[in-house]
Amino acid sequence: MQETNIVPSGAFIQVCHVVDNLEAACARYNKLFGMGPFIGGGNGVLDNHVYRGQPAEPIRIRGVFVQSGDLNIELVELVSAGPSAFHDMYPDGGQGIHHMAMFCEDYEGTRVRYVAAGMPVASEFTVSFGAQICYIDARATMGHMIELYPESEIIRGMYARARHESENWDGKQLIIPW
């Protein structure tokens with residue numbers, strides 16, 4: 001008899017690291033692992049932020065995507081100081097893995113199943129192009145957050161661009177703006 005998973009299975013497509021200095025982290029990852037180019041680098045605002053069920057200030061970040069084989073790596077420098085899933089992971093400003101990300105065919109249903117399994121929504125917000133995204137607090141079971149995406153051509157396009165740029169990189173520009 002096949003058992004049903006507690007939460008829907010999905011392929012994790014990204015690991016995100018919180019860093020204290022975005023440019024220095026890009027240079028470090030490039031020197032250590034040969035990764036590049038890093039796509040992004042500008043200021044981002046995660047609006048309509050709900051932190052643990054309560055309205056909260058937007059989350060302000062600077063971030064990049066970089067490809068490492070089949071895995072996308074996101075580096076995020078937190079700019080804002082208000083409560084968020086980022087501060088939950090690193091309340092004293094540390095660095096390290098923050099989340100793993102996955103797409104969901106049924107965003108709401110997947111979100112509900114994680115919550116029912118005892119993993120609450122830490123932060124939920126809207127990105128600049130209108131997609132609603134959340135961080136599930138899976139620290140007790142996995143040691144980090146899980147980022148849930150709805151199916152989105154724009155987000156999938158961001159991943160495709162990071163892959164394309166890495167496959168065609170001439171090594172000249174370390175950080176390429178979106």
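Data block above holds the structure.
Residues numbered from 1 in each chain as written. Predicted model: local features only at pLDDT ≥ 70, side-chain atom pairs only at ≥ 80, totals over all residues. Heavy atoms only, no water.

## So, the pairing of strand 8 (residues 132–138)
- Counting buried residues along strand 8, six of its seven residues qualify, which places the element largely inside the surrounding structure.
- By the bridge criterion, five bridges tie strand 7 (residues 121–126) to strand 8 in an arrangement that is antiparallel. Along strand 8, the bridge assignment pairs Thr126 with Gln132.
- Where strand 8 lies against strand 9 (residues 144–150), five bridges are found, and the strand directions are antiparallel. Its bridge partner lying in strand 9, Ala138 is registered against His144. (Buried < 20%, exposed > 50% of the residue type's maximum accessible area, 1.4 Å probe, protein only. Helix = DSSP H or I, 4+ residues; strand = E, 2+ residues; numbered from the N terminus. Pairing = 2+ DSSP bridges.)

## Re the pattern of salt bridges
- Taken as a whole, this structure holds nine salt bridges when the rule is applied.
- Of the charged contacts, one joins Arg156 and Glu151 as a salt bridge, the two residues approaching to 2.8 Å between their closest N and O atoms.
- Arg156 gets classed as partly exposed once you look at its relative accessible area, which sits at 40%.
- A salt bridge links Arg161 to Glu165, with the shortest nitrogen-to-oxygen separation between them at 3.3 Å. Of this pair, Arg161 and Glu165 are both found in helix 5 (residues 153–167), four residues apart, which corresponds to roughly one turn of the helix.
- Members of the salt-bridge network, linked through shared partners, are Arg52, Asp88, Asp137 and Arg139. (Salt bridge = Lys/Arg side-chain N within 4 Å of Asp/Glu carboxyl O.)

## Digging into unusual backbone geometry
- Residue Pro37 is reached from Gly36 by a cis peptide bond, and omega for that bond is -5°.
- Its place among the elements puts Pro37 in the loop between helix 1 (22–33) and strand 2 (38–51).
- In this structure, Asn48 is a non-glycine residue whose phi angle is positive, near 50°.
- Mapped onto the elements, Asn48 comes out in strand 2.
- Given a relative accessible area of 57%, Asn48 falls into the exposed group.
- The phi torsion at Arg52 lies on the positive side, around 50°, for a residue other than glycine.
- Looking at the secondary structure, you find Arg52 in the loop between strand 2 and strand 3 (54–55).

## Things to note about the nonpolar core
- Leu46, Phe86, Phe125, Tyr149, Ile155 and Tyr159 are the most contacted members of the largest nonpolar core, which has 26 residues in total.
- Apart from residues lying up to four places away in sequence, Tyr159 is in contact with Ile13, Gln14, Phe65, Gln67, Asn72, Ala101, Phe103 and Tyr149. (Core = buried A, V, L, I, M, F, W, Y, C linked by side-chain atoms within 4.5 Å. Contact = heavy atoms within 4.5 Å.)

## Describing the packing of aromatic side chains
- Applying the stated rule across the entire model yields eight aromatic pairs.
- Summarising the aromatic geometry, the rings of Phe103 and Tyr159 are spaced 6.0 Å apart at their centres and angled 65° between planes, so their arrangement reads as edge-to-face. Of the two residues, Phe103 is situated in strand 6 (residues 96–104) and Tyr159 in helix 5; the sequence distance between them amounts to 56 residues. The pair formed by Phe103 and Tyr159 is uniform in burial state, with each residue classed as buried.
- Geometrically, the ring pair formed by Phe125 and Tyr135 is tilted, given 5.4 Å between the ring centres and 50° between the ring planes. Here Tyr135 lies in strand 8 and Phe125 lies in strand 7, a separation of ten residues in the sequence. Pair check on accessibility: Phe125 and Tyr135 agree, each one buried. (Phe/Tyr/Trp six-rings, centres within 6.5 Å; stacked < 30°, edge-to-face > 60°.)

## Brief notes about the environment of Cys104
- On the secondary structure map, Cys104 appears in strand 6.
- Separated by 46 residues in the primary sequence, Cys104 and Pro150 have C-alpha atoms spaced 5.3 Å apart.
- Non-local contacts of Cys104, meaning those with residues more than four positions away in its chain, are made with Thr110, Leu148, Tyr149, Pro150 and Glu151.

## Side note on the environment of Ile13
- Here Ile13 shows up in the segment before strand 1 (14–19).
- Ile13 sits 45 residues away from Pro58 along the chain, and the two C-alpha atoms are 25 Å apart.
- Sequence-distant contacts of Ile13, defined by excluding residues within four places in its chain, comprise Leu71, Asn72, Ala101, Met102, Phe103, Tyr149 and Tyr159.

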